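Below are the chains, spelled out letter by letter.
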Amino acid sequence: MPPLPIGDSTRRLIAAVKKLENTLNTVGLPRFVARLPVCLLCWHYCRTLDQKIVRIRRIASKFEQWLPAIRTFGNDGPAHLELIDVDHSMRDDIEVTKKTMWELRGYCIDVGRMFEQLGYQSQRLKRRQATFLQVLESSCVSASTMQEALVAHDSAVLAVLRAQQTYERERAAAGVAS
């Protein structure tokens, strides 16, 4: 089987784990004992995924909490003119968050390939990875929805401000003409 495309750090980890397993095999330990480093690595990775799932869900819940606030704030009389993302920093921050989540997705897939290359199968790991990828996907959708709400809000606010400016210009021109 040809090697799967994975990152350099993952390749080094595979090499180190294979070397340790071979060393344990050559000193005469039974196969299941020599396989323990891979099992422990998988257990550690599952724990790491559990922690990341909790964190990503927390981020998604923030987006889900902020979204109604942004939409409500846009309808709140004169206050709706106070929140505007002129420099796009909020949208850019959300984009960076989405990009980071996408990179985590790639890393998760690489680690799954690493265990495949090590010949190690774990249903627990597969379930964790599937959950993690689903949480990442839904979080990215929430982030994109938040970005769209910000764009819609900013467009509406700019339209109101332009209309006010046009009205003021017309009033000033009418005042000068009389």
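Up top you'll find the structure we're talking about.
First things first, this report covers the structure right here in the doc. From a predicted model like this one, the values you see are computed outputs, not experimental measurements.

## Considering helix α4 (residues 89–117)
Two residues of an α-helix separated by three or four positions point the same way, owing to the 3.6 residues in each turn.
Okay, so step 1: Given a rise of 1.5 Å per residue, 29 residues ought to cover 42 Å, and the 42 Å separating the end C-alpha atoms of α4 matches this to within 8%.
Okay, so step 2: Immediately beyond the C-terminal end of α4, within one or two residues, lies Gly119, with a positive phi of roughly 75°.

## Describing the side chain of Arg91
Okay, so step 1: Relative to the elements of secondary structure, Arg91 occurs in helix α4.
Okay, so step 2: Side-chain polar atoms of Arg91 contact the side chain of Asp154, separated by 2.9 Å.
Okay, so step 3: For Arg91, the residues in contact, after removing those within four places along its chain, are Asp85, Gln147, Leu150, Val151 and Asp154.

## Observations regarding the pattern of salt bridges
When charged atoms on two side chains of opposite charge get close, those side chains can pair.
Okay, so step 1: On inspection of all chains with the given rule, the structure shows 7 salt bridges.
Okay, so step 2: One salt bridge in this structure joins Arg128 and Asp50, with 2.4 Å as the shortest N-O distance. On the criterion of sequence distance, the pair formed by Arg128 in helix α5 (residues 123–177) and Asp50 in helix α3 (residues 36–73) is long-range, its members being 78 residues apart.
Okay, so step 3: The class for Arg128 is buried, based on a relative accessible area of 19%.
Okay, so step 4: Here Asp50 falls in the partly exposed class, since its relative accessible area comes to 24%.
Okay, so step 5: Two residues, Arg113 and Asp110, come together in a salt bridge whose shortest N-O distance is 3.7 Å. Taken together, the residues span about one helical turn, with Arg113 and Asp110 both in helix α4 at a distance of 3 residues.
Okay, so step 6: One salt-bridge network, held together by shared partners, links Glu21, Arg31 and Arg35.

Thresholds, definitions, all that
Residues numbered from 1 in each chain as written. Predicted model: local features only at pLDDT ≥ 70, side-chain atom pairs only at ≥ 80, totals over all residues. Heavy atoms only, no water. Helix = DSSP H or I, 4+ residues; strand = E, 2+ residues; numbered from the N terminus. Expected span 1.5 Å × (residues − 1). Polar contact = N/O pair within 3.5 Å; in protein donor to acceptor, adjacent residues only side chain to side chain. Contact = heavy atoms within 4.5 Å. Salt bridge = Lys/Arg side-chain N within 4 Å of Asp/Glu carboxyl O. Buried < 20%, exposed > 50% of the residue type's maximum accessible area, 1.4 Å probe, protein only.

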